Amino acid sequence: MSTTLRLLYPQWQGGLISPLVPELTPADANLGYVLGSQLLDFLAPKNAEHKTAVVPVSTANPEDRHPTGGISNWPEIKAQTLAAFEILNRENPDRIITLGGECSVSVAPFTWLAQKYGPKTAMIWIDAHCDINLPSDPYNGYHAMALAACLGKCGDEVTSLFPATFDISNIMAVGIREWDVGIKERQQEFGLKHVTAQELHQNSEVISAWLKQIGAEKVVIHFDLDALDPQELFCAVGLVPDGIKIADAVQLINKIDAEFDLVGLTLAEPMPRIDIKLKNMLSALHPLQ
């Protein structure tokens, strides 16, 4: 019998995003991913056959973003990555649904699934950014390195944690529309294929056709909520215009699930600004304490 693990992974340390959320304090912005993961779990449908596990994530020192080896909060991220692998090895699921947390929550489940299912595992990376920054780049947030980490490009200290990595030929990015300096050139250097939001809207078959072309046997999907058009749904950190329409994103994921063996799905980067403000207001009301 096939088993599915619902993995709650409220990791926040990979995101250095407080300047992008100026209406919140830095601590509230950094820890916003924690509440975001909890809200995803609350809002997403429950399946009684799915087992749930929670990756233990420290919420200490949200304003101390000290980098180690070019990655902010690397000791905490490393410990949490190892905790995630411990859960996955113990549960040994056939499929993993990950509710994050910032983008790096895909790294542990995806590399674990790559080991379980082998080199015919394809990855669809739905995101406004291609997340191939490296520890040597000026920006130290691990969430911007998540895809590079899955490729084994972030150095031996990082890659040694993973049971397997992906080949770039088995990865398709969808919806990229913002790049840090030099990252568009790196995308070309890596050979990362990319379908724009507009191309997806015009031809919903393009991703399925590519998966068939490469002979994909298993598929994992990373879905960063900032890939969506913020005019339709603004629930992530990013506000980059001209994103993927909700209907197109739903159709894409459901189509892959229907036509292929979808073994991993991550929802990442929820940033519930309004809910954080509401939580703070409720916490300040003496009668509720």
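Remember, predicted model here, so these are calculated numbers, not experimental data. (Residues numbered from 1 in each chain as written. Predicted model: local features only at pLDDT ≥ 70, side-chain atom pairs only at ≥ 80, totals over all residues. Heavy atoms only, no water.)

Novice: Please clarify how the overall build of the protein chain should be interpreted in this entry.
Specialist: Secondary structure assignment for the protein chain yields eleven helices and ten strands. Relative to the compact-globule value of 19 Å for 289 residues, the protein chain shows a C-alpha radius of gyration of 18 Å, a close match. Along the longest, intermediate and shortest principal axes, the C-alpha atoms of the protein chain span 60 × 40 × 40 Å. Counting only residues that meet the buried cut, the protein chain has 55% of its 289 residues in that class. In the protein chain, once contacts between residues fewer than 6 apart in sequence are set aside, the share between residues at least 24 apart is 75%. Entry remark: accessible area of the protein chain is about 12900 Å², with carbon and sulfur atoms responsible for 56%. For the protein chain, the centre of its 21 positive side-chain charges and the centre of its 35 negative side-chain charges are spaced 4 Å apart. (Helix = DSSP H or I, 4+ residues; strand = E, 2+ residues; numbered from the N terminus. Rg over C-alpha atoms; globule rule 2.2 N^0.38 Å. Buried < 20%, exposed > 50% of the residue type's maximum accessible area, 1.4 Å probe, protein only. Contact = heavy atoms within 4.5 Å. Areas by Shrake-Rupley, 256 points an atom, 1.4 Å probe, with all protein chains shown as cover. Lys, Arg positive; Asp, Glu negative; His and termini not counted. Charge placed at Lys NZ, Arg CZ, Asp CG, Glu CD.)

Novice: Mind showing me how you'd approach the layout of surface pockets here?
Specialist: Rolled over the atoms, a probe with the dimensions of a water molecule shows which regions are left empty. Estimated volume of the largest pocket: approximately 900 Å³. As for the largest pocket, its lining consists of 33 residues, of which Ala44, Pro45, Ile97, Leu265 and Leu267 are closest to the centre. At the level of secondary structure, the elements contributing two or more residues to the lining of the largest pocket comprise β1 (4-9), α2 (32-43), β5 (95-100), α10 (246-259) and β10 (262-268). Here the residues of the lining of the largest pocket are counted per class, giving 23 nonpolar, six polar and four charged. Here the second largest pocket is characterised by a volume of approximately 470 Å³. Taken together, 25 residues make up the lining of the second largest pocket; nearest its centre are Leu20, His129, His143, Glu178 and Asp180. Of the residues contributing to the lining of the second largest pocket, the split by class is 13 nonpolar, four polar and eight charged. (1 Å grid on protein atoms, 1.4 Å probe; cavity = no way out; pocket = protein on both sides within 12 Å on 5 of 7 lines; lining within 4 Å. Points joined across faces, edges and corners; volume = space filled by probe spheres on them. Nonpolar A, V, L, I, M, F, W, Y, C, P; charged D, E, K, R; others polar.)

Novice: Whenever I open this one, helix α9 (residues 206-214) confuses me. Can you help?
Specialist: Residues separated by three or four positions in an α-helix point in the same direction, a consequence of the helix having 3.6 residues per turn. Taken together, the buried positions of α9 are Ile207, Ser208, Trp210 and Leu211. The buried side chains of α9 occupy one side of the element, clustering within an arc of 160° when seen end-on. Opposite its buried face, α9 presents the exposed residues Lys212 and Gln213, each directed more than 90 degrees away. Against β6 (121-126), β7 (171-174), β8 (193-195), α8 (197-202), β9 (218-224) and α10 lie the buried residues of α9. Within two residues after α9, glycine 215 carries a phi angle of roughly 70°, on the positive side. (Arc of directions from axis to C-beta.)

Novice: Explain the sheet that holds β1 to me, please; I cannot follow it from the model alone.
Specialist: Hydrogen bonds between backbone atoms are what pair the strands of a sheet, whose relative direction is either parallel or antiparallel. Strand order in the open sheet made by the eight strands is β2-β1-β5-β10-β9-β6-β7-β8, with parallel pairing throughout. Unpaired on one side and paired on the other, β2 (51-54) and β8 mark the two borders of the sheet. Sheet twist, expressed as the average angle between the axes of neighbouring strands with direction ignored, equals 15°. Sheet topology places β6 next to β7; four bridges connect them, and they run parallel. In the sheet register, isoleucine 126 faces β7, and the bridge partner there is valine 174. Sitting on the sheet, α10 is in contact with β6, β7, β9 and β10, with an inclination near 165° to β9. (Pairing = 2+ DSSP bridges. Axes fitted to C-alpha atoms, helices over the stretch in contact; angles between N-to-C directions.)

Novice: Is there a simple way to explain the side chain of threonine 266 in this structure?
Specialist: Positionally, threonine 266 belongs in strand β10. With sequence-adjacent residues up to four places away left out, threonine 266 is seen in contact with Thr98, Val105, Ser106, Phe110, Ile221, His222 and Phe223.

Novice: It is not clear to me how the side chain of histidine 222 should be interpreted in this structure. Could you clarify?
Specialist: With respect to the helices and strands, histidine 222 occurs in strand β9. A distance of 2.7 Å separates a polar atom in the side chain of histidine 222 from a polar atom in the side chain of serine 106. (Polar contact = N/O pair within 3.5 Å; in protein donor to acceptor, adjacent residues only side chain to side chain.)

Novice: I keep staring at the packing of aromatic side chains and nothing clicks. Help me out?
Specialist: How two aromatic rings sit relative to each other is given by the distance of their centres and the angle of their planes. Tallying each qualifying case throughout the model produces one aromatic pair. Each ring, one from tryptophan 74 and one from tyrosine 142, has its centre 5.6 Å from the other, and the planes form 70°; the classification is edge-to-face. Here tyrosine 142 lies in the loop between β6 and α5 (146-150) and tryptophan 74 lies in helix α3 (residues 74-91), a separation of 68 residues in the sequence. Of the two residues, tryptophan 74 and tyrosine 142, both sit in the buried class. Residue placement shows lysine 153 over the ring face of phenylalanine 190; its charged tip is 4.9 Å from the ring centre. Its end group placed over the ring of tryptophan 179, lysine 184 keeps NZ or CZ at 4.2 Å from the ring centre. (Phe/Tyr/Trp six-rings, centres within 6.5 Å; stacked < 30°, edge-to-face > 60°. Lys NZ or Arg CZ within 6 Å of the ring centre and 35° of its normal.)

Novice: Which parts of the structure should I look at to understand the packing of α3 against helix α4 (residues 107-117)?
Specialist: The angle between the axes and the distance between the axes are what describe a pair of packed helices. The contact between α3 and α4 brings their axes to 9 Å, and the two run at 45°. With respect to α4, the element α3 is oriented oblique. As for how α3 packs across α4, the hand of that crossing is right-handed. Between α3 and α4, the residues in contact are Thr81, Ala84, Phe85, Leu88 and Asn89 and Ala108, Pro109, Thr111 and Trp112, respectively. (Parallel < 35°, antiparallel > 145°, perpendicular 65-115°, else oblique. Left-handed = near helix turned anticlockwise from the far one by under 90°.)

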